[in-house]
Amino acid sequence: MDITGIAKSHHADIHKAGKASSKLSDSLREQIAGYAREDAAQGVYMGNKFLALRKSEVAKVAPDRAGIPGVSADKGGIGRKYGQVR
């Protein structure tokens, strides 16, 4: 929005798209809450069921980084730059 209060169309679309893509489905939210209750009863923070669920959900939206050329640490990535990879 500019000073006059008129929203510019290219700015308005960006904000709407960002908000819509970050929402969790109700079933996923309920599943996370159930895992949180189970973990709390056992005195565990982010138990194995939750971590597996998170990993599966991330795999749905994140790219396969191993399949991207030049991303591997052994090909001169950030680890090599700081002497962490030998």
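A quick note: this is a predicted structure, and the numbers were derived from the prediction, not measured.

1. Re the overall build of the protein
- When you go through the protein residue by residue, the secondary structure sums to 4 helices and 0 strands.
- When the helices and strands of the protein are placed in sequence order, the string is α-α-α-α.
- Only carbon and sulfur atoms are counted for the fraction: they give 57% of the accessible area of the protein, which is about 7,600 Å².

2. Topic: the pattern of salt bridges
- All told, the structure shown has 2 salt bridges when counted by the stated rule.
- The salt bridge involving Glu 38 is made with Lys 49; its shortest N-O contact spans 3.3 Å. A residue pair is termed long-range when its members are at least 10 positions apart, and Glu 38 in helix 2 (residues 26–42) and Lys 49 in helix 3 (residues 48–61) qualify at 11 residues.
- For Lys 60, the salt bridge identified is with Glu 57, shortest N-O distance 2.9 Å. Placement of both Lys 60 and Glu 57 in helix 3 is noted, with a separation of 3 residues, approximately one turn of the helix.

3. Section: unusual backbone geometry
- Its identity as a non-glycine residue notwithstanding, Met 46 has a phi of 50°, on the positive side.
- Relative to the elements of secondary structure, Met 46 occurs in the loop between helix 2 and helix 3.
- Judged by relative accessible area, which is 32%, Met 46 ranks as partly exposed.

4. With respect to the side chain of Asp 39
- Within the secondary structure, Asp 39 is located in helix 2.
- As a buried residue without a salt bridge, Asp 39 has its nearest oppositely charged side chain in Lys 49, at a separation of 7.4 Å.
- Excluding its chain neighbours within four sequence positions, the residues that come into contact with Asp 39 are Val 44, Met 46, Gly 47 and Phe 50.

5. As for the confidence of the model for the protein
- Per-residue pLDDT for the protein averages 74, and the proportion of residues at 70 or more is 55%.
- The secondary-structure element of the protein with the lowest mean pLDDT is helix 1 (residues 9–21), recorded at 52, while helix 2 shows the highest, at 96.

Rules and cut-offs
Residues numbered from 1 in each chain as written. Predicted model: local features only at pLDDT ≥ 70, side-chain atom pairs only at ≥ 80, totals over all residues. Heavy atoms only, no water. Helix = DSSP H or I, 4+ residues; strand = E, 2+ residues; numbered from the N terminus. Areas by Shrake-Rupley, 256 points an atom, 1.4 Å probe, with all protein chains shown as cover. Salt bridge = Lys/Arg side-chain N within 4 Å of Asp/Glu carboxyl O. Buried < 20%, exposed > 50% of the residue type's maximum accessible area, 1.4 Å probe, protein only. Lys, Arg positive; Asp, Glu negative; His and termini not counted. Contact = heavy atoms within 4.5 Å. pLDDT = per-residue confidence, 0-100.

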